[in-house]
Amino acid sequence: MKSMRDVLIAFFRLLNIATAICSGLCLTALGMAIADGPAFADSTGWKDQVMRLYGVAFAIGIILLETEWPWVLVYVPIMNNWCFRAIFQVFLALLTVKFTVSVGETDFEKSIAVYRSLAGSSLGTCAGVYFVAGLICSAYSRKTSSSPLLSPSLRSVEEGISK
């Protein structure tokens, strides 16, 4: 059983690294779109630029969350739940796909399109894995905590953690 736990820990550590890399790709795509987009003084495109800046902030947030440093997780405890992490990652993936549109044919604008598709689809895939794992973990946790075979001391420890 210990080797199975080690395999799962290694898998989820790799998922953390992959998600951080995908968020870095989103950060790059959104940064390139900010550089290529209209100026903030332009009255038509400033909303898109603001949304790209939000996307950059969210990408940095996901990268920090995936490092799982305790000082980061203390300030956003809801992100300890994998389902909420998945929702946050899907939001960033959709922001990346929606707001990194390039209309030109230069090499820079073609590279924005490549980063856009690669970053959005890969982060969406990571989010899907997180969501499914979160559902499985929640179902297993619920089944275990309602089991009559669970010792009262272990049940009290689990209740203390969930508070």
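Criteria and cut-off values
Sequence order sets the numbering: in each chain, residues are counted from 1 along the sequence as written. Given that the model is predicted, a residue must reach a pLDDT of at least 70 before its local features are reported, and side-chain atom pairs must reach 80 or more before they are shown or counted; all residues, however, enter totals for whole chains, interfaces and linings. Remark: hydrogens and water are excluded; side-chain values derive from all non-hydrogen atoms of the structure. Counting from the N terminus, the helices are DSSP H or I runs at least four residues long and the strands are E runs at least two residues long. Given a helix with a known number of residues, its expected span is that number minus one, times 1.5 Å. Each residue's exposure class comes from its accessible area (1.4 Å probe, protein chains only) as a fraction of the maximum for that residue type: buried when under 20%, exposed when over 50%, partly exposed otherwise. Polar contacts here mean pairs of N or O atoms no more than 3.5 Å apart (in protein, one a potential hydrogen donor and the other a potential acceptor; neighbouring residues in sequence count only if both atoms are side-chain atoms). Only one rule defines a salt bridge in this text: a Lys or Arg side-chain nitrogen within 4 Å of an Asp or Glu carboxyl oxygen. Between the rings of Phe, Tyr and Trp (Trp by its six-membered ring), a pair exists once the centres lie within 6.5 Å; its type follows the angle of the planes, with under 30 degrees stacked, over 60 edge-to-face, and the other angles tilted. Only Lys NZ and Arg CZ are tested; either one counts as a charge over a ring when it is within 6 Å of the ring centre and within 35 degrees of the ring normal.

Peer 1: How should I be thinking about helix H4 (residues 82-99) in this particular structure?
Peer 2: The α-helix winds at 3.6 residues per turn, so residues separated by three or four positions along the chain end up facing the same way. Taking 1.5 Å of rise per residue, 18 residues should cover 26 Å, and H4 covers 26 Å from first to last C-alpha, within 8% of that figure. Within H4, the full set of buried residues consists of Cys83, Arg85, Ala86, Gln89, Leu92, Ala93, Leu95, Thr96 and Phe99. Two to three positions downstream of the cap, the backbone nitrogen of cysteine 83 sits 2.9 Å from a side-chain oxygen, assigning the N-cap of H4 to asparagine 81.

Peer 1: So what exactly am I meant to see when it comes to the pattern of salt bridges here?
Peer 2: Oppositely charged side chains can form a pair if their charged atoms are brought close together. Considering all chains together, one arrives at three salt bridges under this definition. Between arginine 85 and glutamate 66 there is a salt bridge; the shortest N-O distance is 3.4 Å. With arginine 85 in helix H4 and glutamate 66 in helix H2 (residues 46-67), this residue pair connects regions lying 19 residues apart in the sequence. The closest approach of N and O atoms between arginine 85 and glutamate 68, which form a salt bridge, is 3.5 Å. Note that arginine 85 is positioned in helix H4 and glutamate 68 in the loop between H2 and helix H3 (70-75), a separation of 17 residues in sequence. A relative accessible area of 30% places glutamate 68 in the partly exposed class. Each of Arg13, Glu66, Glu68 and Arg85 takes part in salt bridges that share partners, so that together they form one network.

Peer 1: Would you explain the packing of aromatic side chains in this entry?
Peer 2: Within a pair of aromatic rings, the relevant descriptors are the distance that separates the centres and the angle that separates the planes. According to the stated counting rule, one finds seven aromatic pairs in the structure shown. Each ring, one from tryptophan 82 and one from tyrosine 130, has its centre 6.4 Å from the other, and the planes form 70°; the classification is edge-to-face. Of this pair, tryptophan 82 sits in helix H4 while tyrosine 130 sits in helix H5 (residues 107-145); the two residues are 48 residues apart in sequence, bridging distant segments of the chain. A relative accessible area of 1% places tyrosine 130 in the buried class. The ring of phenylalanine 99 has lysine 98 sitting right over it, with the charged end atom 5.6 Å from the ring centre.

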